[in-house]
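# Structural overview
So you can see what is in the structure, the chains are spelled out below.
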Protein chains: 2
Amino acid sequence: MVIASQYATPETIKTMRKDGGGLIFLMVSKEIADKLKLPFLSDLYSDISNRYPVLKALVPNDIPYDTKSSFSLYINHRQTFTGVTDNDRSLTMRRFAELSEEVENLDDDSALTLFGKEFRSPGHVPICVASEQLLNKRRGHTELVVSLLKMANLTPVGSGCEMMGDDGKSLHKDKAKQYALDHNLVFLSGKEIIGEWKKWSK
Amino acid sequence: MVIASQYATPETIKTMRKDGGGLIFLMVSKEIADKLKLPFLSDLYSDISNRYPVLKALVPNDIPYDTKSSFSLYINHRQTFTGVTDNDRSLTMRRFAELSEEVENLDDDSALTLFGKEFRSPGHVPICVASEQLLNKRRGHTELVVSLLKMANLTPVGSGCEMMGDDGKSLHKDKAKQYALDHNLVFLSGKEIIGEWKKWSK
């Protein structure tokens, strides 16, 4: 389940943690990540693995669904307390989306200063960074969501989580469809988004 | 809410995400972290902040409840798929606790090899590392839980999450007490644990 982060509220986070249940994370476009100098954790880890041998031992070379982890840093807004309450996570997410717009026309140094003034890391909200060519390259949740937001002309920063089933696995597609129906939400398959993206991005 | 990770099951994770709602994380003793060469993320970030200026900008020098973040790496067991389902997170947590026992009498290199054979990072399960002197030094959730596990003669690796209220904040203490009563769980205050720890650790 997913929402444009600019519209994230405490109620949104509550719904995600109660009815979704997966890790609640931010999905951002590569352009925004570049502007804010957000690295891929796997690159950062690789760069410092000589000093921290555990990073070599734990190298993520066998992710079953991907060639590379899209995780970047975990952040908290500096005005949060623990960082994990519904109030705190929605503030972190909404302000991250707003800030992404605010820094767009700033030079890189000013953008980074503004980012650091409001946010700290480590924190409780993981950021995943979309592949640069979006759905033309990688077709993970992050790319699907960022593409959708671009097509909708919203800030390309999404908040979401995987929905969990009661059987220890991810929620079955049919049940996710039913949930959307029951809660007046839109159900979209990856295939539908990719189809629209192909037309839109031509 | 918290459980000794050696007893974590898919059902445990389900209860934590449905009834708890905070970030589900591992809490481990400093001895285990040292054996597995697990760093504090804030140290790692500080060591590489010249190459990644964003880490300098986001430096966590204003955590309202602490002087230093206790976050270490985020891991997944290598036999997980997304890493976030109840099956996946319980496997990561239970095997981490078991491995902590298995490496105890190994030399450091063999311990690290075994760790890397089973786990990867980045992942979906954050590890927090307790202060070395436990409750004599810091009195966060991590120290409270690790102390409790030591007193109970269990592997000092705990799984837990903060409980959320319906008002956007943490669950009020009285409501947490009522939840424990309704679900036949034990409610313990930090004060009680610290009191017992003082007697036990003499």
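For the structure itself, consult the block above.
Bear in mind the structure is a predicted one, so any value in this text is a computation, not a measurement.

### Some thoughts on the overall build of chain A
Per the secondary structure count, chain A includes nine helices and five strands. For chain A, the sequential pattern of α-helices and β-strands runs β-α-β-α-α-α-β-α-α-β-α-β-α-α. Whereas a compact globule of 202 residues would reach a radius of gyration of roughly 17 Å, chain A reaches 17 Å, a difference of no more than 12%. Each of the three principal axes of chain A carries a C-alpha extent, and together these read 50 × 40 × 35 Å. In chain A, the proportion of contacts linking residues at least 24 apart, taken out of those at least 6 apart, comes to 74%.

### Remarks on the interface of chain B and chain A
Facing 63 residues of chain B, the contacting portion of chain A comprises 63 residues. At the boundary of chain B with chain A, the tally comes to 10 salt bridges. Residues B:R78 and A:D62 are paired through a salt bridge, measuring 2.9 Å at the closest nitrogen-oxygen approach. For the pair chain B and chain A, the interface holds 30 residue pairs in polar contact (both at pLDDT 80 or more). Secondary-structure elements contributing two or more residues to the side of chain B that touches chain A are α1 (10–20), α3 (41–47), α4 (53–57), β3 (71–77), α5 (86–102), α6 (108–118) and β4 (119–129) of chain B.

### Some points on the packing of aromatic side chains
Each aromatic ring pair is characterised by the separation of its centres together with the angle its planes make. Throughout the structure, instances matching the rule amount to 11 aromatic pairs over all chains. Here A:F115 and A:F119 contribute two aromatic rings whose centre-to-centre distance is 5.6 Å and whose plane-to-plane angle is 50°, an arrangement assigned as tilted. Under the relative-accessibility criterion, A:F115 is labelled buried at 0%. Judged by relative accessible area, A:F119 falls into the buried class, the value being 0%. One aromatic cluster is present, formed by A:F71, A:Y74, B:F71 and B:Y74 through successive ring pairs.

### Here's the deal with the relation of the copies chain B and chain A
In screw terms, the move from chain B to chain A is a rotation of 180° and a rise of 0.0 Å along the axis, fitting with an RMSD of 0.0 Å. Taken together, the rotation and translation describe the operation of a two-fold axis. For chain B, the residue whose C-alpha comes nearest the rotation axis is B:K18, separated from it by 2.7 Å. Here 100% of the contact residues of chain B are again contact residues in chain A; the copies associate through an equivalent surface.

### Structural notes on the sheet that holds strand β1 (residues 2–4) of chain B
Residue and element names in this part refer to chain B. Within the open sheet, the five strands sit side by side as β1-β5-β2-β4-β3. Their pairing is mixed. The open sheet has two edge strands, β1 and β3, and neither has a second partner. The sheet shows a mean angle of 40° between the axes of neighbouring strands, direction not considered. Two strands pair when backbone bridges link them, and β3 and β4 are joined in this way by five bridges, in the antiparallel orientation.

### Concerning the state of the cysteines
Here a disulfide denotes a covalent bond joining the sulfur atom of one cysteine to the sulfur atom of another. All names here are of chain A. Per the stated rule, a full pass over the model turns up zero disulfides over all chains. Of the cysteine sulfurs around C161, a residue in no disulfide, the closest is that of C128, at 13 Å. Exposure remark for C161: the relative accessible area of 5% places this residue in the buried category.

### Here's the deal with the pairing of strand β4 (residues 119–129) of chain A
Residue and element names in this part refer to chain A. Burial analysis of β4 places 11 of its 11 residues in the buried class, the great majority of the element. Note: strand β2 (residues 25–28) against β4, three bridges, orientation parallel. Across the sheet, the residue bridging to M27 is C128, located in β4.

### Observations concerning the nonpolar core
Judged by nonpolar contacts, the single largest core of 110 residues is most densely connected at A:L26, A:L38, A:F96, A:F115, B:L38, B:F96 and B:F115. With residues near it in sequence (within four places) discarded, B:L38 still touches A:V54, B:A33, B:S72, B:L73, B:F96, B:F115 and B:I127.

### Overview of the pattern of salt bridges
All names here are of chain A. Tallying each qualifying case throughout the model produces 32 salt bridges over all chains. Ionic pairing is found between E102 and R95, a salt bridge with its closest N-O pair at 3.0 Å. Looking at E102, the relative accessible area reads 42%, which means it is partly exposed. On the basis of relative accessible area, R95 is assigned to the buried category, the value being 14%. Taken together, the shared-partner salt bridges connect R94, R95, E98, E102 and E118 into one network.

### Here we look at helix α9 (residues 190–200) of chain A
Residues and elements named next belong to chain A. Of all the residues in α9, the buried ones are I193, I194 and W197. With its buried residues spanning 100° around the axis, α9 presents them on a single face. Along α9, the residues that are exposed and aim more than 90 degrees away from the buried face are K191 and K199. Packed against the buried residues of α9 are α7 (141–151).

### A word on the packing of α1(B) against α5(B)
Residues and elements named next belong to chain B. At a minimum axis separation of 8 Å, α1 and α5 run at an interaxial angle of 110°. Relative to α5, the element α1 lies roughly perpendicular. Regarding α1 and α5, the two cross each other, and that crossing is right-handed. Here α1 contributes P10, I13, K14 and R17 to the contact with α5, which in turn contributes D86, N87, R89, S90 and M93. Residue composition of the contact of α1 with α5, grouped by class: three nonpolar, two polar and four charged.

Conventions adopted
- Residues numbered from 1 in each chain as written.
- Chains lettered and ligands numbered in written order.
- Predicted model: local features only at pLDDT ≥ 70, side-chain atom pairs only at ≥ 80, totals over all residues.
- Heavy atoms only, no water.
- Helix = DSSP H or I, 4+ residues; strand = E, 2+ residues; numbered from the N terminus.
- Rg over C-alpha atoms; globule rule 2.2 N^0.38 Å.
- Contact = heavy atoms within 4.5 Å.
- Salt bridge = Lys/Arg side-chain N within 4 Å of Asp/Glu carboxyl O.
- Polar contact = N/O pair within 3.5 Å; in protein donor to acceptor, adjacent residues only side chain to side chain.
- Phe/Tyr/Trp six-rings, centres within 6.5 Å; stacked < 30°, edge-to-face > 60°.
- Buried < 20%, exposed > 50% of the residue type's maximum accessible area, 1.4 Å probe, protein only.
- Least-squares fit on C-alpha atoms with pLDDT ≥ 70 in both.
- Pairing = 2+ DSSP bridges.
- Axes fitted to C-alpha atoms, helices over the stretch in contact; angles between N-to-C directions.
- Disulfide = S-S within 2.5 Å.
- Core = buried A, V, L, I, M, F, W, Y, C linked by side-chain atoms within 4.5 Å.
- Arc of directions from axis to C-beta.
- Parallel < 35°, antiparallel > 145°, perpendicular 65-115°, else oblique.
- Left-handed = near helix turned anticlockwise from the far one by under 90°.
- Nonpolar A, V, L, I, M, F, W, Y, C, P; charged D, E, K, R; others polar.

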